[in-house]
Amino acid sequence: MSADRPLPGDVVDDAIDQPFWDACNDSVLLVYRCNTCGTSYWPAGSCTTHGMSDMGWVPAAGTGQLHTWTVVHQRYSRSFTDDDKIVAVIKLDEGPFFHTNLIDTHADDLKVGLPVKVTFSTGDDGVALPMFRLSGPPQQ
Ligand SMILES: [Zn+2]
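Values in this document were obtained by computation on a predicted structure and should not be read as measured data.

### Re the overall build of the protein chain
Part 1 of the reasoning: In terms of regular secondary structure, the protein chain is built from 1 helix and 8 strands.
Part 2 of the reasoning: Counting from the amino terminus, helix and strand elements in the protein chain follow one another as α-β-β-β-β-β-β-β-β.
Part 3 of the reasoning: When the 140 residues of the protein chain are sorted by exposure, 35% land in the buried category.
Part 4 of the reasoning: Taking contacts inside the protein chain between residues at least 6 apart in sequence as the whole, the part at least 24 apart equals 53%.
Part 5 of the reasoning: Summing over all exposed atoms, the protein chain offers an accessible surface of approximately 8100 Å²; the carbon and sulfur share of this is 50%.

Structure, rendered in structure tokens:
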């Protein structure tokens, strides 16, 4: 990927999310979990029941199901120079919805509920971004 792609921290410094991006560099996907009730969130936020008092990052399985997607044909940045992008919403096995790119597949092959698995794409900039690819047949 091009070095001028948008990166974490380009918009605003975000100390609460830094552990998430550090874990991506180690190929680990994290979710933000309430340690009181065990509910997982992404992005980081407060528990809808218990607030922010006991929240923390924990490793996720890195698996989920394709919830919805769109195919982006228009290039909104010069850094996006390769094929059409599939922008997807993944329902992580831990519960949160995760916005990402779906790679190594074609939009014609997609169906709601397909199992997916995280992978990490490290660009020339050295930043690892979490993306997903299909991991098997649809779950019934
Ligand atoms: Zn909670």
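### Examining the coordination of the zinc ion
Part 1 of the reasoning: At the metal site, the zinc ion is ligated by Cys 34 (SG), Cys 37 (SG), Cys 47 (SG) and His 50 (ND1), and these contacts range over 2.2 to 2.3 Å.
Part 2 of the reasoning: Mapping the donors of the zinc ion onto the primary sequence yields the spacing C-x2-C-x9-C-x2-H. Separated by 13 residues along the polypeptide, Cys 34 in strand 1 (residues 30-34) and Cys 47 in the loop between strand 2 (40-41) and strand 3 (55-59) bring together distant segments of the chain.

### Quick look at the nonpolar core
Part 1 of the reasoning: Among the nonpolar cores identified, the biggest contains 28 residues, and Leu 29, Leu 66, Ile 90, Leu 102 and Phe 132 are the most heavily contacted of them.
Part 2 of the reasoning: Elements represented by at least two residues in this core include exactly helix 1 (18-25), strand 1, strand 3, strand 5 (85-92), strand 6 (97-102), strand 7 (115-122) and strand 8 (128-134).
Part 3 of the reasoning: Excluding its chain neighbours within four sequence positions, the residues that come into contact with Leu 102 are Leu 66, Ile 86, Ala 88, Leu 110, Val 116, Phe 132, Arg 133 and Leu 134.

### Let's talk about the environment of Thr 105
Part 1 of the reasoning: With respect to the helices and strands, Thr 105 occurs in the loop between strand 6 and strand 7.
Part 2 of the reasoning: Sequence spacing of Thr 105 and Arg 133 is 28 residues, and the spatial spacing of their C-alpha atoms is 7.3 Å.
Part 3 of the reasoning: In this view, Thr 105 contacts Ile 86, Leu 110 and Leu 134; residues no more than four positions away in its chain are not counted.

### A short note on unusual backbone geometry
Part 1 of the reasoning: Residue Pro 43 is bonded to the preceding Trp 42 through a cis peptide linkage, with omega at 0°.
Part 2 of the reasoning: As for its position among the elements, Pro 43 is in the loop between strand 2 and strand 3.
Part 3 of the reasoning: Unlike most non-glycine residues, Ser 27 shows phi in positive territory, near 60°.
Part 4 of the reasoning: Tracing the backbone through its elements, the reader meets Ser 27 in the loop between helix 1 and strand 1.
Part 5 of the reasoning: The phi torsion at Asp 104 lies on the positive side, around 60°, for a residue other than glycine.
Part 6 of the reasoning: Within the secondary structure, Asp 104 sits in the loop between strand 6 and strand 7.

### A closer look at the pattern of salt bridges
Part 1 of the reasoning: Counting across every chain of the model gives 1 salt bridge.
Part 2 of the reasoning: Between Asp 104 and Arg 133 there is a salt bridge, with its nearest N and O atoms 2.2 Å apart. One end of the pair, Asp 104, is in the loop between strand 6 and strand 7; the other, Arg 133, is in strand 8, and 29 residues separate them in sequence.

The rules we used
- Residues numbered from 1 in each chain as written.
- Predicted model: local features only at pLDDT ≥ 70, side-chain atom pairs only at ≥ 80, totals over all residues.
- Heavy atoms only, no water.
- Helix = DSSP H or I, 4+ residues; strand = E, 2+ residues; numbered from the N terminus.
- Buried < 20%, exposed > 50% of the residue type's maximum accessible area, 1.4 Å probe, protein only.
- Contact = heavy atoms within 4.5 Å.
- Areas by Shrake-Rupley, 256 points an atom, 1.4 Å probe, with all protein chains shown as cover.
- Donors = N, O, S within 2.8 Å, 3.2 Å for Na, K, Ca; no water.
- Core = buried A, V, L, I, M, F, W, Y, C linked by side-chain atoms within 4.5 Å.
- Salt bridge = Lys/Arg side-chain N within 4 Å of Asp/Glu carboxyl O.

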